[in-house]
Amino acid sequence: MIFNLDQWLIYKGIEETAAVLIANAAAVVMVLLVSILAFIVTKQVFLRILAFYIHRNKILWDDKLLGRKVFRRLAHMIPAIVIYAVAGLFPEYSGFIQKIAIIYIIVAGTLAMLALLDAIDDIYRTFEASRFKPIRSIVQALKIVVWLIGGIWMIATMIDRSPLLLLSGIGAVTAIILLIFKDSLLGLVAGIQLSSNDMLRIGDWIEMPKYGADGDVTDISLNTVKVRNFDNTITTIPSYALISDSFKNWRGMQESGGRRIKRSIFIDSSSIRFCTDDMLAKFKEFRYLSEYIENKKRELEKYNLEHNIDPAQLVNGRRLTNIGTFRAYLQTYLENHPEIHPEMTRMARQLPVTEYGIPIEIYAFTKDTSWESYETVQADIFDHILAIVPEFELRIYQSPTGYDLRHMGL
């Protein structure tokens, strides 16, 4: 009917030019109505049926496709396909109409492909492997490729040239592309290196003082890595900086099952002395020292007897000291502490003398690696140590305070 509408109008007495315009306008309206109707049917009927089926089944990946609107973006291609198919109704403009339709199809297809890549990333994130090998940086790089291909295809359609011809000449603008996408290319390379070498995962606790980062990794993208610091601020680090600069990853500590305690107290050297019989009798009453005192006394008596040493003089032979006995107590205390990891190093050691006294360092690992539990265990251990130091007739070194000066009469 549309093809003969202009003739019918002329037959009715309307001028030929006006009749042709009216017929063409009617054809345009009809095509638009058909394309809009096709889109509405696709969106309101087919997509709703598809969504109903997806929500009812137990498959998870199709929910991600629906959530990212992949099917909805594909539906936008339907009107363009209808317009392309009926472009022959307008012989004088069919080429131009088909170009517009193809460009619209390319845009809709490009957007659908971008949504599909996002859905693939979402699906991959449901697997445990995504924590160890994130692919978001690769997905973002593929998005750039999709945009480039879509853009080249649209330009080729507009100028009636083959896309392959444009691709063959892209080498002339490679330098410009490298300049524009420098950060993205560096981020892509960094992402591949971080992933292949298993240097960084989502959820890792990292420290990077140069960027003020000290917290958990929440996102790894093409250009940046986001870190939620322990004060709940967000630090954004360029991906390539994690390759070019150094950073500390605490994952090894978390996976080992033990978090290290490495802290010292300083003993006033003037409080160190040999143990007297009264001191040894007192120390023997300590639960962690009774066996040690007995064994050590037998060992020293045997040594002094074998070497014919007169123990009456303090400088002769071997004797127990209060600091040595204190260190032995700490060693046994750590070995019996329920929160200290029994399969890792547990040691109370004496470090070189400093101007602040003699350092006694606790070197051990807690069973619980969480920050709060670790700090609690560490504080409990040193609360106990500081409280028992006077029991060994030792003193903790500290700079003179106002209290000290008052008691000195100054």
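Please read all numbers here as calculations on a predicted model, not as lab measurements.

A.B. asks: Break down the overall build of the protein for me, citing the residues and quoting the values.
C.D. replies: Per the secondary structure count, the protein includes 18 helices and eight strands. Put simply, the protein has 410 residues, and 32% of those count as buried. Put simply, of all contacts in the protein between residues at least 6 apart along the chain, 63% involve residues at least 24 apart. For the protein, the exposed surface amounts to about 25,100 Å²; the carbon and sulfur share of it is 61%.

A.B. asks: Account for the sheet that holds strand S8 (residues 358–366), naming residues and giving values.
C.D. replies: If you walk across this open sheet you meet the three strands as S6-S8-S7, and the pairing is antiparallel. The sheet is open, and its two borders are formed by strand S6 (259–267) and strand S7 (347–350), each paired with just one other strand. For this sheet the average axis-to-axis angle between neighbouring strands, irrespective of direction, equals 20 degrees. In terms of strand pairing, S6 meets S8 through nine bridges, oriented antiparallel. Bridge pairing in S8 places Arg 259 opposite Thr 366. Strand contacts of helix H16 (residues 322–335): S6, S7 and S8, with the helix running at about 160 degrees to S7, the strand carrying the most contacts. Across the sheet, helix H17 (residues 371–388) is in contact with S6 and S8; its angle to S6 comes to roughly 25 degrees.

A.B. asks: Give a description of a nonpolar patch on the surface that names residues and reports values.
C.D. replies: A contiguous nonpolar patch, built from Leu 37, Val 41, Val 45, Phe 46 and Ile 49 and spanning about 460 Å² of accessible area, is present on the exposed surface. Mapped onto the fold, Ile 49 is located in helix H2 (residues 16–56). Of the residues examined, Ile 49 reaches a relative accessible area of 54% and is grouped as exposed.

A.B. asks: If you had to explain H16 to someone new, which residues and values would you point to?
C.D. replies: The first and last C-alpha atoms of H16 sit 20 Å apart over 14 residues, in line with the 20 Å expected at 1.5 Å per residue. Elements in contact with the buried residues of H16: S6, helix H14 (277–284), helix H15 (290–306), S7, S8 and H17.

A.B. asks: Can you break down the packing of aromatic side chains residue by residue, with the values?
C.D. replies: When we look at a pair of aromatic rings, we describe it by the centre distance and by the angle of the planes. The full count for this structure, using the stated rule, is 15 aromatic pairs. Ring plane angle 45 degrees and centroid distance 5.8 Å describe the contact between Phe 283 and Phe 286, whose orientation is recorded as tilted. Both residues of the pair, Phe 283 and Phe 286, count as buried. Centre to centre, the rings of Phe 286 and Tyr 329 are 6.5 Å apart; their planes meet at 70 degrees, and the pair counts as edge-to-face. With Phe 286 in the loop between H14 and H15 and Tyr 329 in helix H16, this pair connects stretches of sequence that are 43 residues apart. Connected via pairs of aromatic rings, a cluster forms that spans Phe 283, Phe 286, Tyr 288, Phe 326, Tyr 329, Tyr 333 and Phe 392. The ring of Trp 250 has Arg 259 sitting right over it, with the charged end atom 5.6 Å from the ring centre.

A.B. asks: Describe the layout of surface pockets, and please don't skip the residues or the numbers.
C.D. replies: Of the voids in this model, the largest pocket is the one considered here, and its volume is about 320 Å³. Along the walls of the largest pocket sit 13 residues, with Leu 300, Glu 301, Asn 304, Arg 318 and Arg 319 positioned nearest its centre. Put simply, the parts of the chain that give the lining of the largest pocket at least two residues each are H14 and H15. Sorting elements by how many residues they give to the lining of the largest pocket places H15 first, with five residues. Considered class by class, the residues forming the lining of the largest pocket number six nonpolar, two polar and five charged.

A.B. asks: Just give me the short version of empty space enclosed by the protein, but keep the residues and values in it.
C.D. replies: Using the criterion set out here, one finds one cavity of 30 Å³ or more in the structure. Size it by volume and the largest cavity reaches roughly 40 Å³. Every residue lining the largest cavity is listed: Pro 134, Ser 137, Gly 191, Leu 194, Ser 195, Leu 200 and Ile 220. With three residues, the single largest contributor to the lining of the largest cavity is helix H11 (residues 182–196). Broken down by class, the residue content of the lining of the largest cavity amounts to four nonpolar, three polar and no charged.

Cut-offs and rules
- Sequence order as written defines residue numbering, which begins from 1 separately in each chain.
- The model is predicted, so local features are restricted to residues of pLDDT at least 70 and side-chain atom pairs to those at 80 or more, both for listing and for counting; the totals for chains, interfaces and linings are taken over all residues.
- To obtain the side-chain values, all non-hydrogen atoms of the structure were included, while hydrogens and water were left out.
- Under the DSSP-based scheme used, a helix requires at least four consecutive residues in state H or I and a strand at least two consecutive residues in state E, with every element numbered from the N terminus.
- Only protein chains enter the accessibility calculation, which uses a 1.4 Å probe. A residue is then buried if its area is under 20% of the maximum for its type, exposed if over 50%, and partly exposed in between.
- By definition in these notes, contact holds between two residues if any of their heavy atoms fall within 4.5 Å.
- The Shrake-Rupley method, run with a 1.4 Å probe sphere, supplies the accessible areas, and residue values consider only the shown protein chains as cover.
- Between any two strands, at least two bridges found by DSSP are needed for them to pair.
- Here an axis means a line fitted to C-alpha atoms, over the contact stretch when the element is a helix, while the angle between two N-to-C directions is reported on a 0 to 180 degree scale.
- Here a patch means residues that are over 30% exposed by relative accessible area and free of salt bridges, tied together within 9 Å if like-charged and within 5 Å if nonpolar (Val, Leu, Ile, Met, Phe, Trp, Tyr).
- Only one rule defines a salt bridge in this text: a Lys or Arg side-chain nitrogen within 4 Å of an Asp or Glu carboxyl oxygen.
- By this rule the span expected of a helix is its residue count minus one, scaled by 1.5 Å.
- Only centres within 6.5 Å qualify two rings of Phe, Tyr or Trp (six-membered ring in Trp) as a pair; their planes then separate them into stacked at under 30 degrees, edge-to-face at over 60, and tilted for everything else.
- Two limits define a charge over a ring: the Lys NZ or Arg CZ must be within 6 Å of the ring centre, and within 35 degrees of the ring normal.
- Whether a set of points on the 1 Å grid over the protein atoms alone is a cavity depends on a 1.4 Å probe fitting there but being unable to get out, while an open set qualifies as a pocket with protein on both sides within 12 Å along at least five of seven lines; lining residues are those with an atom within 4 Å of a point.
- Grid points are joined across faces, edges and corners, and a volume is the space filled by probe spheres set on the points.
- Any residue that is not Ala, Val, Leu, Ile, Met, Phe, Trp, Tyr, Cys, Pro, Asp, Glu, Lys or Arg is counted as polar, Gly included; the first ten are nonpolar and the last four charged.

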